[in-house]
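# Architecture at a glance
Residues per chain, in single letters:
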Amino acid sequence: MADPKGFLKSGREGAARRPVEERVQDWNEVYPGSVGRALLPIINTQASRCMDCGIPFCHQGCPLGNIIPEWNDLVWRDDWSGAIERLHATNNFPEFTGRLCPAPCETACVLGINQDPVTIKNIEVAIIDKAWESGLVTPQPPEWLSGRTVAVVGSGPAGLATAQQLTRAGHTVAVYERADQIGGLMRYGIPEFKMEKKYLDQRLEQMKREGTVFRPGVDVGGQITGAALRERYDAVVLAVGSTTPRDLPVPGRELQGIHQAMDFLPQANRVARGETVEDQITAEGKHVVIIGGGDTGADCLGTSTRQGALSVTQLEIMPLPPEVRPAAQPWPTYPMTFKVSSAHEEGGERLYSVSTTEFLGDAEGRVRALKLVEVRFEDGKLIQVEGTEHEIMADLVLFAMGFVGPEKPGLVEQLGVELDARGNIVRDASFATTVPGVYVAGDAGRGQSLIVWAIAEGRSAASAVDRYLTGDSALPSPIKPTDRPLTV
Ligand SMILES: Cc1cc2nc3c(=O)[nH]c(=O)nc-3n(C[C@H](O)[C@H](O)[C@H](O)COP(=O)(O)OP(=O)(O)OC[C@H]3O[C@@H](n4cnc5c(N)ncnc54)[C@H](O)[C@@H]3O)c2cc1C
Ligand code: SF4
């Protein structure tokens, strides 16, 4: 156990972010240098706050089952090599989760019952950043090759975790990605200011050295058919994400200046990395309205701020959440509370309990305003409040209302995998689809979710595929095949 009195002596402390006026001038992460390095002066004390509980609820809170108290103790003892070994045992990519995870482990931390929880996510990123800087992260190529081949379609966190696990188990793995670069939403969705792409690139380099083959710029279902893939490989894993965005088909939807977030963010990410994008959708000099209050909306906000928007308003149909855990969402569940992301610190206004009923245009067919109405939920039904109709100005509208499953035309239709009622790919408790030898991992089967879940699913699917190919598997499966069927 770390210091038995640590939580009595020290309070919770995080890394200081760069001043707002400085960070909105660039695309770099909001912390000075690497967040892990910025945390080093305080992280030992923060790790000492872990009580090494008899039943560590943080394990259950983390979808990967990260062995949190063990690495807290090792950090406190200054054993960074032991800490990264323990962290990598359950998480292929702690540099992604340590930056991007909403940390359900922390809302399950026992200390959080009556104090501020341990800064688990910060300790995680401090361990991995220090490990990379100290040369402790090295390729782990397999000792022998199985002679079996696997195609992974999609290179987001689910595809990458699947590929790394299967490559290390000795299978020959090719990752297909239709975008020109590998990384899924971590490459072109999530902005630099949340995670600089150099962290993705250094991990991809490790994977290449282990033997994983990357094939970017290949649209499977177009350039290669699903049937050809099944014929060429012993197993196929669909990690194609949930890429169909939810739309808002109200009058005026056809006006110019109304875009999906995933048309806007990838362009901004490219420009932030030095590319030129013709006819870029930009917030510069515009009044921006973002419809949707989640992670994607916050990313649109931070990006619009950096591009020089005149104003940014984020609309949310749900009511303003409470600042503290509501009684109906008791510890150790993940509560829906009011959150202030780094993008929210930088500006913008948030409106809650509002719904858009119409987009209004100017004479040239460009959006100029939104018609809004206040709403409330009554008996689970959304009711418009009479007399609350009003307009707000907008010359750029961004939809960040979530995703409704993988795209159906192309690969999904070609393979003939069954879909569930929500449009996601049906899988059994072993991540197998209804087509023999074809597995699914991440948002494509789970529905729109989180990076930590995508990695957990990738690791679990890899274990199932390994068993399918060899009859047995020593690969860990954080989501156990004996768990209830995943389609329920
Ligand atoms: C803007 C945004 C911000 C987010 N921020 C966070 C965050 O801060 N923290 C967090 O935990 N989660 C966040 N999420 C959610 C998270 O990114 C996803 O849950 C996660 O990336 C899902 O991983 P995945 O591997 O299943 O799919 P994806 O990351 O979506 O990757 C799927 C890949 O498959 C490729 N593909 C699809 N079809 C084909 C085909 N036919 N052939 C070849 N390639 C194909 C796609 O191009 C894509 O690159 C965010 C999501 C968005 C949209
Ligand atoms: S991956 Fe997420 S839930 Fe798991 S320990 Fe890290 S921050 Fe917590």
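Residues numbered from 1 in each chain as written. Chains lettered and ligands numbered in written order. Predicted model: local features only at pLDDT ≥ 70, side-chain atom pairs only at ≥ 80, totals over all residues. Heavy atoms only, no water.

## Description of the overall build of the chain
Helix and strand content of the chain: 19 helices and 14 strands. The C-alpha atoms of the chain give a radius of gyration of 23 Å, which matches the 23 Å a tight globule of 488 residues would have. Considered along the principal axes of its C-alpha atoms, the chain spans approximately 70 × 60 × 50 Å. Scored against the burial criterion, the 488 residues of the chain give a buried share of 52%. (Helix = DSSP H or I, 4+ residues; strand = E, 2+ residues; numbered from the N terminus. Rg over C-alpha atoms; globule rule 2.2 N^0.38 Å. Buried < 20%, exposed > 50% of the residue type's maximum accessible area, 1.4 Å probe, protein only.)

## With respect to unusual backbone geometry
With an omega of 5 degrees, the peptide bond running from Trp-331 to Pro-332 counts as cis. Following the sequence through the fold, Pro-332 ends up in the loop between β7 (311–315) and α16 (342–345). A positive phi angle, close to 45 degrees, is found at Asp-52, a residue other than glycine. Residue placement: Asp-52 occurs in the loop between α3 (35–47) and α4 (57–61). The phi angle at Asp-379 is positive, at roughly 55 degrees, despite the residue not being glycine.

## Regarding the site of ligand 2
Lining the immediate environment of ligand 2, one finds Cys-62, Asn-66, Ile-68, Thr-97, Cys-101, Ala-103, Pro-104, Cys-105, Ile-120, Lys-121, Glu-124 and Val-452. At the level of elements, α8 (104–107) and α9 (120–133) are the ones that each hand at least two residues to the shell around ligand 2. Ranked by the residues each element gives to the shell around ligand 2, the list is headed by α9, at three residues. Looking at the shell around ligand 2 residue by residue, the classes come out as eight nonpolar, two polar and two charged. (Near = heavy atom within 4 Å. Nonpolar A, V, L, I, M, F, W, Y, C, P; charged D, E, K, R; others polar.)

## Some points on the pattern of salt bridges
Per the stated rule, a full pass over the model turns up 31 salt bridges. In this structure, Arg-23 and Glu-345 form a salt bridge, with 2.6 Å as the shortest nitrogen-oxygen distance. Of this pair, Arg-23 sits in helix α2 (residues 20–23) while Glu-345 sits in helix α16; the two residues are 322 residues apart in sequence, bridging distant segments of the chain. A salt bridge links Glu-457 to Arg-427; the shortest N-O distance between them is 2.9 Å. Of this pair, Glu-457 sits in helix α19 (residues 451–470) while Arg-427 is found in the loop between α17 (411–415) and β14 (438–440), placing the two residues 30 residues apart along the sequence. When sorted by exposure, Glu-457 lands in the same class as Arg-427, which is buried. (Salt bridge = Lys/Arg side-chain N within 4 Å of Asp/Glu carboxyl O.)

## Topic: the nonpolar core
Here is a general trend for soluble globular proteins: nonpolar side chains tend to be buried in one another's company. Residues Ile-127, Val-150 and Leu-160 are the most contacted members of the largest nonpolar core, which totals 78 residues. With ten residues, α19 is the largest single contributor of residues to this core. Lining this core are residues from two domains, each supplying at least three of them: domain 1 (6–133) and domain 2 (149–243 + 404–470). Residues in contact with Val-150, not counting those within four places in the same chain, are Leu-166, His-171, Thr-172, Val-173, Ala-174, Tyr-233, Ala-235, Val-237, Val-465 and Leu-469. Val-153, Tyr-176, Val-218 and Val-438 belong to the second-largest nonpolar core, a separate cluster that totals 20 residues. (Core = buried A, V, L, I, M, F, W, Y, C linked by side-chain atoms within 4.5 Å. Domains from an automatic or database assignment. Contact = heavy atoms within 4.5 Å.)

## Things to note about the sheet that holds strand β2 (residues 172–177)
Spatial ordering of the open sheet is given by β3-β2-β1-β4-β14, a layout of five strands whose pairing is parallel. At either end of the open sheet lies a strand with only one pairing partner, and these are β3 (213–216) and β14. Each strand of the sheet is rotated relative to its neighbour by a mean of 20 degrees, with strand direction disregarded. Relative to strand β4 (residues 235–238), strand β1 (residues 149–153) runs parallel, the two being bridged by four bridges. Along β4, the bridge assignment pairs Val-153 with Leu-238. (Pairing = 2+ DSSP bridges. Axes fitted to C-alpha atoms, helices over the stretch in contact; angles between N-to-C directions.)

## Comments concerning the site of ligand 1
Every one of the 31 residues lining ligand 1 counts as a neighbour, but Leu-100, Glu-177, Lys-194, Val-220 and Asp-443 are closest to it. Within the contact set of ligand 1, a nitrogen atom lies 3.1 Å away from a backbone nitrogen or oxygen of Arg-178. Within the contact set of ligand 1, a nitrogen atom lies 3.3 Å away from a side-chain nitrogen or oxygen of Asp-219. Burial of ligand 1 by the protein amounts to 95% of the accessible area it has alone, namely 1,000 Å². Breaking the shell around ligand 1 down by element, the ones donating at least two residues are α10 (157–168), α15 (295–307) and α19. Among the elements that line the shell around ligand 1, the one with the most residues is α15, at three residues. Here the shell around ligand 1 is built from residues that sort into 15 nonpolar, nine polar and seven charged. Both of domain 2 (149–243 + 404–470) and domain 3 (258–399) provide at least three residues apiece to the shell around ligand 1. (Polar contact = N/O pair within 3.5 Å; in protein donor to acceptor, adjacent residues only side chain to side chain. Areas by Shrake-Rupley, 256 points an atom, 1.4 Å probe, with all protein chains shown as cover.)

## Side note on the sheet that holds β7
The five strands are arranged β5-β13-β6-β7-β8 in an open sheet whose pairing can be described as parallel. Taken across any chain shown, the strands that pair with only one partner, and hence form the sheet edges, are β5 (258–260) and β8 (349–351). When strand polarity is set aside, the average angle formed by the axes of neighbouring strands in this sheet is 20 degrees. Here three bridges tie β7 to β8, and the two strands are oriented parallel to one another. Within β8, the position partnered with Thr-313 by the bridge is Glu-349. Packing of helix α14 (residues 261–272) onto the sheet brings it into contact with β5 and β13 (396–399), and relative to β5 it is tilted by some 75 degrees. Along the sheet face, α15 touches β6 (287–291), β7 and β13 and points at about 175 degrees away from the line of β7.

## Quick word on the packing of aromatic side chains
According to the stated counting rule, one finds five aromatic pairs in the structure shown. With centroids separated by 5.1 Å and ring planes inclined at 35 degrees, the aromatic side chains of Phe-93 and Phe-96 adopt a geometry described as tilted. As far as burial versus exposure is concerned, Phe-93 and Phe-96 are alike and both buried. The cationic tip of Lys-130 hangs over the ring face of Trp-80; the distance from NZ or CZ to the ring centre is 5.3 Å. Sitting above the plane of the Phe-193 ring, Arg-306 keeps its charged end 4.0 Å from the centroid. (Phe/Tyr/Trp six-rings, centres within 6.5 Å; stacked < 30°, edge-to-face > 60°. Lys NZ or Arg CZ within 6 Å of the ring centre and 35° of its normal.)

## Description of the domain arrangement of the chain
Assigned domains of the chain: these are domain 1 (6–133), domain 2 (149–243 + 404–470) and domain 3 (258–399). Taken over C-alpha atoms, the centre of domain 2 sits 30 Å from the centre of domain 3. Contacts between the two partners involve 13 residues from domain 2 and, on the opposite side, 13 residues from domain 3. Counting the surface lost from both domain 2 and domain 3, the interface buries some 1,100 Å², and carbon and sulfur atoms represent 49% of this. It is Tyr-188, Glu-192 and Phe-193 in domain 2 that bury the most area against domain 3; as a group they hold 50% of the surface buried on that side. For the interface between domain 2 and domain 3, the tally reads three salt bridges. Residues Asp-180 and Arg-270 are paired through a salt bridge, measuring 3.0 Å at the closest nitrogen-oxygen approach. Our count for the domain 2 to domain 3 interface comes out at six residue pairs in polar contact (both at pLDDT 80 or more). (Buried area = accessible area lost by both parts, 1.4 Å probe.)

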